[in-house]
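# Analysis of the macromolecular model
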Amino acid sequence: MVMAWGQFLDHDLVATPVSKGKNGASIKCCGIEEIRPECFPIQIPKDDPYFQTDCLNFVRSAETVQPDSSPTKREQINQVTSYIDASVVYGSTKDMMDKLRLFVNGQLKTSKHGLFPPQSNDTCRLTHGNEFCMFAGDFRVNVVPNLSILHLIFLREHNRIAKKLATFNPTWDDEKTFQETRKIIAALIQQISYLEYLTGVLGYKTISNYNLHIASTGFSNVYDQSVDPSIRNAFAAAAFRFGHAQITSSVLYYKHDHLVKKYNVEETYHDPHLVQNDNGQHIPDLGRWVANNASIKADRCFVSSVRDKLFIDKNNNSLDLAALNIQRGRDHGIPSYVKWRSWCGLSEVSSFDSGDGKLVDHDVDAISKLKKAYAHVDDIDLYAGGISEKHLQGADVGPTFACILGRQFQALKEGDRFWYENKFKKTGFSSATN
Ligand code: HEM
Ligand SMILES: [Ca+2]
């Protein structure tokens, strides 16, 4: 569940678009004669244990356009709301939200068997007749079954709560019922994220260092209008991708008769089949798996399903997620691991394994691997240095990622006027609901 929640939460916070070709076409960066400026392909070494080609496709993130077209440093775009506001459920624009709403009794649209509404069939990978690409508040809903299931739980939870509210409040119109339900759903996602997810990921010490506590009852006016709640580049391009190392290699149906059916993650990419199979009858089986599945340790090892076979196609073309993460950091110009340590107030690093400035948060094995990959400690990419740190006590990350994550989640809480614990008459909850 920890991995699944991390991905769901990540999609509420950030979506960085990549550059596109003519009419929005995807850009190919391998096997082309002239390298395009949007391309930054990864060279694969000859002795790679899996890939037999020499080029891994990589398209640079789209850059912002300055209003006066003046040359400036390249910046990237976030196309969703950075606030934890359930944009995964409702979209990030009114236009999108209107497409998802039924406009009756505060309900969201569903399709037969309580499934998602459909969207254009070229937005996912259909392998079985009568199935359709699913439509939700975030366009990545079809990527993997654990993510689709969390989307579906909140879609159904919205409709369940809206139905109850409409019954208790017969004078409310569709708009009032919808908005009140939406407020509850966003609050649930905020509360689960801080109370259950972050406490496990960051450990109690970091929770307390960055004021990420959640009180079990009552209000807490944490809002500070001087805090910028937007997503930091190093958070999205590196630190919050620690969850990629928690991905397991299988997707399971845990049936109520205790039988287990197993699929490889790579069979499920972008394919809605496991959700829609037998008219959605196996949704509880997937839910039981997501709820019970222990994520694996977020260390420097990644399962082959994402390291070798990410988004594998019929021609066996695939990607390597760990390599994409490192390259994305370089694409965005993220400063190196040692620079982030000093930003976090951690001990300075000037050598791999000797003297006062040695790597103190890595074990011997990780140090020897970093030494092999980098000529100097100053060259260590943030992702590589951060993911291979020893974890803080009771946490799933080491001190550098804990600091970047801690500061970001503090800004997301303190910079949010709609944070659910705030006691603001117009936007907050009443004492009875808090
Ligand atoms: C099976 C599960 C997952 C798959 C297949 C997956 C796949 C991907 C892919 C392909 C990217 C874009 C890589 C690039 O080109 O830069 C990405 C980005 C990202 N992922 Fe995951 N991911 C998964 C789970 C997670 C989890 C568990 C977390 C966090 C706990 C996470 C956090 C992120 C973040 C923060 C980004 C950057 C988003 C952006 O800036 O648009 N992902 N993921
Ligand atoms: Ca959001």
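- Per an unreviewed UniProt entry, the chain goes by the name Peroxidase and belongs to Tegillarca granosa.
- As recorded by UniProt, the Subcellular location (unreviewed entry) comment attached to the chain reads in full: "Secreted".

### Side note on the state of the cysteines
- Going through the model one piece at a time under the given rule, you end up with four disulfides.
- Residue Cys29 pairs covalently with Cys39 via a disulfide, S to S 2.1 Å. Between Cys29 and Cys39, the S-S dihedral sits near -80°, and the bridge is therefore left-handed. Residue Cys29 is located in the loop between helix H1 (2-13) and strand E1 (42-43), and its partner Cys39 is located in the loop between H1 and E1; the two are separated by 10 residues in the primary sequence. Like Cys39, Cys29 is buried.
- For Cys30, the disulfide goes to Cys55, at an S-S distance of 2.0 Å. Because the sign of the S-S torsion sets the handedness, a value of about -80° for the bond joining Cys30 and Cys55 places this disulfide among the left-handed ones. Linking Cys30 in the loop between H1 and E1 with Cys55 in strand E2 (residues 55-56), this pair joins segments that are 25 residues apart in sequence.

### Details of the coordination of the iron atom of ligand 1
- Only one protein atom coordinates the iron atom of ligand 1: His244 (NE2), located 2.1 Å from the metal.
- Checked against the element boundaries, His244 lands in the loop between helix H6 (233-237) and strand E5 (250-254).

### Overview of the side chain of Glu131
- With respect to the helices and strands, Glu131 occurs in the loop between strand E3 (118-119) and strand E4 (133-134).
- The charged side chain of Glu131 is buried without a salt bridge, its nearest counter-charge being Arg125 at 9.8 Å.
- With residues near it in sequence (within four places) discarded, Glu131 still touches Leu126, Asp271, Pro272, His273, Gln276 and Asn277.

### A few points about the packing of helix H5 (residues 174-209) against helix H15 (residues 399-414)
- The contact between H5 and H15 brings their axes to 11 Å, and the two run at 130°. Our classification of the angle between H5 and H15 gives oblique. Considering how the two elements wind past one another, H5 and H15 form a crossing that is left-handed. Contacts between H5 and H15 involve Tyr194, Leu198, Val201, Leu202 and Thr206 from the first element and Ala402, Leu405, Gly406, Phe409, Leu412 and Lys413 from the second.
- Looking at the contact of H5 with H15, its residues break down into eight nonpolar, two polar and one charged.

### Observations concerning the packing of aromatic side chains
- Per the stated rule, a full pass over the model turns up 20 aromatic pairs.
- Consider the rings of Phe240 and Phe242, whose centres lie 6.1 Å apart with planes at 40°: the pair is tilted.
- On the basis of relative accessibility, which here comes to 1%, the residue Phe242 falls in the buried class.
- Taking 6.4 Å as the distance between ring centres and 40° as the angle between the ring planes, the aromatic pair formed by Phe302 and Tyr383 counts as tilted. Of this pair, Phe302 sits in the loop between helix H9 (283-292) and helix H10 (304-307) while Tyr383 sits in helix H14 (residues 382-387), and the two are 81 residues apart along the sequence. Both residues of the pair, Phe302 and Tyr383, belong to the buried class.
- Cluster of aromatic residues (ring-pair linked, three or more members): Tyr194, Tyr197, Phe235, Phe240, Phe242, Phe409, Trp419 and Tyr420.
- For Lys183, the ring lying beneath its charged end belongs to Phe429, and the centroid distance is 5.0 Å.
- Between Arg407 and the ring centre of Trp343, over which it is positioned, the NZ or CZ distance is 3.8 Å.

### Here's the deal with the side chain of Thr206
- Note that Thr206 resides in helix H5.
- In terms of polar contacts, Thr206 uses its side chain to reach the backbone carbonyl oxygen of Leu202, at 3.2 Å.
- Those residues in contact with Thr206, other than ones at most four positions away along the chain, are Leu212, Leu392 and Ala402.

### Quick word on the pairing of E5
- Burial of E5 is extensive: four of the five residues sit out of reach of the surface.
- Of the strand pairs in this sheet, E5 and strand E6 (residues 260-264) are connected by five bridges, and their pairing is antiparallel. Bridge assignment links Leu252 to a residue of E6, and that residue is Lys262.

Rules of the game
Residues numbered from 1 in each chain as written. Chains lettered and ligands numbered in written order. Predicted model: local features only at pLDDT ≥ 70, side-chain atom pairs only at ≥ 80, totals over all residues. Heavy atoms only, no water. UniProt positions renumbered as here; feature names shortened; annotations may be inferred. Disulfide = S-S within 2.5 Å. Helix = DSSP H or I, 4+ residues; strand = E, 2+ residues; numbered from the N terminus. Buried < 20%, exposed > 50% of the residue type's maximum accessible area, 1.4 Å probe, protein only. Donors = N, O, S within 2.8 Å, 3.2 Å for Na, K, Ca; no water. Lys, Arg positive; Asp, Glu negative; His and termini not counted. Salt bridge = Lys/Arg side-chain N within 4 Å of Asp/Glu carboxyl O. Contact = heavy atoms within 4.5 Å. Axes fitted to C-alpha atoms, helices over the stretch in contact; angles between N-to-C directions. Parallel < 35°, antiparallel > 145°, perpendicular 65-115°, else oblique. Left-handed = near helix turned anticlockwise from the far one by under 90°. Nonpolar A, V, L, I, M, F, W, Y, C, P; charged D, E, K, R; others polar. Phe/Tyr/Trp six-rings, centres within 6.5 Å; stacked < 30°, edge-to-face > 60°. Lys NZ or Arg CZ within 6 Å of the ring centre and 35° of its normal. Polar contact = N/O pair within 3.5 Å; in protein donor to acceptor, adjacent residues only side chain to side chain. Pairing = 2+ DSSP bridges.

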